[in-house]
Amino acid sequence: MSMTDSVPFVEWTRPGQYVAGEIVEIRKGRRFPGRQSFVAEIERKDGSTAALALSRVLDAMFREESVRAGDRVKITYIGIKRAKNGRKYRAFTIERRPA
């Protein structure tokens, strides 16, 4: 299964919200000045799919955890945090089970 425009994106609205399932694909998303974004497609246990825009924070976490297609993950939204430089960001946890 590949990414299509019909796959709904996850909208992080409340702490504790999560998405869990198997990473089907990680692909390039929009290009921003000085940064290439990425999108991950996750297939849930019920067979539905969701697209996940990898923010800078999530992208860094995916790289740190070496998340790949085929891995099973649970991504939980923690809420808005403030970085040392004062900027706000969305914080997450990732639980990964390799393929």
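Everything quoted here is computed from the prediction, not taken from an experiment.

Sorry if this is basic, but what is going on with the side chain of Asp71 here?
In this structure, Asp71 sits in the loop between helix 1 (56-64) and strand 4 (72-82). Here Asp71 falls in the buried class, since its relative accessible area comes to 3%. Reaching out from Asp71, the side chain makes a polar contact with the backbone nitrogen of Arg68 at a distance of 2.9 Å. A distance of 2.7 Å separates a polar atom in the side chain of Asp71 from a polar atom in the side chain of Arg96. Sequence-distant contacts of Asp71, defined by excluding residues within four places in its chain, comprise Gly21, Glu22, Ile23, Ser66, Arg96, Arg97, Pro98 and Ala99.

Explanation requested: unusual backbone geometry in the structure shown.
For residues besides glycine, phi is generally negative; the peptide bonds are generally trans as well. Even without glycine at this site, Ser66 takes up a positive phi of about 55°. Tracing the sequence through the fold places Ser66 in the loop between helix 1 and strand 4.

How should the environment of Ala53 be read in this particular structure?
Mapped onto the fold, Ala53 is located in strand 3 (residues 49-54). If we ignore the near neighbours within four places in the chain, the residues touching Ala53 are Phe9, Phe38 and Leu58.

Would you mind showing me how to read the pattern of salt bridges here?
When the charged atoms of two side chains with opposite charge come close together, those side chains can pair. One pass over the structure, following the stated rule, counts 2 salt bridges. In this structure, the salt-bridge partner of Asp59 is Arg63, at a minimum N-O distance of 3.2 Å. Remark: Arg63 and Asp59 occur in helix 1; sequence separation between them is 4 residues, near one turn of the helix. We classify Arg63 as exposed; its relative accessible area is 54%. A salt bridge links Asp71 to Arg96, with the nearest nitrogen and oxygen atoms 2.7 Å apart. Taken together, the residues span a long stretch of sequence, with Asp71 in the loop between helix 1 and strand 4 and Arg96 in strand 5 (residues 88-97) at a distance of 25 residues. Take Arg96: its relative accessible area is 31%, and that puts it in the partly exposed class.

Reading guide: rules and limits
Along each chain, numbering runs from 1 in the same order as the chain's sequence is written. Only residues with pLDDT of at least 70 are given local features in this predicted model, and only at 80 or more are side-chain atom pairs given and counted; all residues enter the totals for whole chains, interfaces and linings. Values shown for side chains rest on all heavy atoms present in the structure; no hydrogens or waters enter the calculation. Helix and strand assignments follow DSSP, with helices taken as H or I runs no shorter than four residues and strands as E runs no shorter than two, numbered in order from the N terminus. Any residue under 20% of the maximum accessible area for its type is buried, any over 50% is exposed, and the rest in between are partly exposed; the area is computed with a 1.4 Å probe on protein chains only. For the purposes of these results, a polar contact is taken to be a pair of N or O atoms within 3.5 Å, where, inside protein, one atom must be able to donate a hydrogen and its partner to accept one; residues adjacent in sequence count only when each atom of the pair is a side-chain atom. Any two residues whose heavy atoms approach within 4.5 Å are treated as being in contact. We define a salt bridge as a side-chain nitrogen of Lys or Arg found within 4 Å of a carboxyl oxygen belonging to Asp or Glu.

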